[in-house]
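# Coordinates in review
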Amino acid sequence: MVRAGAVGTHLPASCLDIFGDLRKMNKRQLYYQVLNFAMIVSSALMIWKGLIVLTGSESPIVVVLSGSMEPAFHRGDLLFLTNFREDPIRAGEIVVFKVEGRDIPIVHRVIKVHEKDNGDIKFLTKGDNNEVDDRGLYKEGQNWLEKKDVVGRARGFLPYVGMVTIIMNDYPKFKYALLAIMGAYVLLKRES
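Cut-offs used in this document
- Every chain begins its residue count from 1, and numbering advances along the sequence as written.
- Under the rules for a predicted model, residues below a pLDDT of 70 receive no local features and side-chain atom pairs below 80 are neither given nor counted, while totals for whole chains, interfaces and linings still include all residues.
- Side-chain metrics in this entry use all non-hydrogen atoms of the structure; hydrogen atoms and water are not considered.
- Numbering of helices and strands runs from the N terminus; a helix is a DSSP stretch of H or I covering at least four residues, while a strand is a stretch of E covering at least two.
- Two N or O atoms count as a polar contact when they lie within 3.5 Å, although within protein this holds only if one can serve as hydrogen donor and the other as acceptor, and sequence-adjacent residues are included solely when both atoms are side-chain atoms.
- Contacts are assigned to residue pairs that have any heavy atoms within 4.5 Å of one another.
- Each salt bridge in this description consists of a side-chain nitrogen of Lys or Arg and a carboxyl oxygen of Asp or Glu lying within 4 Å of one another.
- When accessible area is computed with a 1.4 Å probe and restricted to protein chains, residues below 20% of their type maximum are described as buried, those above 50% as exposed, and intermediate ones as partly exposed.
- Here a helix's expected span is defined as the number of its residues, less one, multiplied by 1.5 Å.
- Put plainly, a pocket is an open set of points on a 1 Å grid over the protein atoms alone with protein on both sides within 12 Å along at least five of seven lines, a cavity is a set where a 1.4 Å probe fits but cannot get out, and a lining residue has an atom within 4 Å of a point.
- Grid points are joined across faces, edges and corners, and a volume is the space filled by probe spheres set on the points.
- Each residue is assigned to one of three groups, with Ala, Val, Leu, Ile, Met, Phe, Trp, Tyr, Cys and Pro labelled nonpolar, Asp, Glu, Lys and Arg labelled charged, and all others, Gly among them, labelled polar.

### Observations regarding the side chain of T125
Along the polypeptide, T125 turns up in strand β5 (residues 121–126). Among the polar contacts made by the side chain of T125, one reaches the side chain of D134 at a distance of 2.6 Å. Reaching out from T125, the side chain makes a polar contact with the side chain of Y138 at a distance of 2.7 Å. Not counting residues within four places of it along the chain, the set of residues in contact with T125 comprises V95, F97, H108, R109, V110, I111, D133, D134, Y138 and L145.

Pasting the structure below:
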C-alpha cells in the first residue's frame, strides 16, 4: 500500500536534485537563468536567419536522409547550400528540391537541362544510387523541375554529422529527453 505522501519518492535522484536546485535559487538567479536560456535560443534563431540571407536558401543546412546519393553523400551527411537565383543550373550539379505534395526536400543530381530562348530552364534529376530518373517522385503530370522548385545547391558537406538529427526524428522520446537535459543545464548552470 502506498501513502499519498510517498508519491515523490519514486522519482530518480537526479530529478529531485534538479528541483532542489531550482528551489535553492532566489528569484533573481532564476530570472537570470531564464533570460540566459532565452538569449541562447534567440541567438540561434538570429544565426539561422542570417544564414538564410547570406546563402539565398530557405534552408541553408540540410541532412541527407536516404542512401539515394551514395557514394557522393551518405545518410546523415550534413549539406551546406546556396541558392543564388542568377547562377545557372547545370547538368552534374547536386540540388536540393521540393516537390508539391511532399514535406521533405530531396537531394539529387541534375542529369539533363533544357534551356529555352526566353531564359526559362527546366531540368531532370536522379539519385546517383537510383536506377531511374526522378519523374516518379515529381507531382503527377510533372516531367521536369523548374528553378522555383530548388531549395539550394550543395556547396559543401560534413560526413555523418546529421545522424543526431536522424536519431532524434526516429526516436522522439530521445529528442525530448535531450532537450530537457540541455534546458535544465542552462537553467541550473551557475556562474562562477
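Moving on from the model shown.
### Comments concerning the pattern of salt bridges
On inspection of all chains with the given rule, the structure shows eleven salt bridges. Between E58 and K98 there is a salt bridge; the shortest N-O distance is 3.1 Å. Within this pair, whereas E58 is found in the loop between α2 (27–55) and β1 (61–63), its partner K98 is found in the loop between β3 (94–97) and β4 (106–115), the two being separated by 40 residues in sequence. Notably, a salt bridge pairs R153 with E93, separated by 3.3 Å at the nearest N-O pair. Taken together, the residues span a long stretch of sequence, with R153 in strand β7 (residues 150–158) and E93 in the loop between β2 (78–82) and β3 at a distance of 60 residues.

### What about unusual backbone geometry?
A cis amide bond links E70 with the next residue in sequence, P71, at an omega value of 10 degrees. Mapped onto the elements, P71 comes out in the loop between β1 and β2. Its identity is not glycine, yet Y160 carries a phi of approximately 60 degrees, on the positive side. On the secondary structure map, Y160 appears in the loop between β7 and α3 (163–170). The class for Y160 is partly exposed, based on a relative accessible area of 47%.

### Thoughts on helix α4 (residues 172–188)
Owing to its 3.6 residues per turn, the α-helix brings residues three or four apart onto one side. Taking 1.5 Å per residue as the helical rise, α4 with its 17 residues ought to reach 24 Å, and the 24 Å between its terminal C-alpha atoms agrees with that figure. Buried within α4 we find G183, A184, V186 and L188.

### Some points on the layout of surface pockets
Volume-wise, the largest pocket comes out at about 450 Å³. Lining the largest pocket are 21 residues, and of these V63, V64, L65, I104 and P105 sit closest to its centre. Breaking the lining of the largest pocket down by element, the ones donating at least two residues are β1, β4 and α3. Taken together, the residues that form the lining of the largest pocket break down as 13 nonpolar, six polar and two charged.

### Some details on the environment of V150
Relative to the helices and strands, V150 resides in strand β7. Considered as a pair, V150 and K98 are 52 residues apart in the sequence and their alpha carbons are 6.5 Å apart. Setting aside anything within four residues of it in sequence, one finds V150 in contact with N83, R85, I89, V96, F97 and F123.

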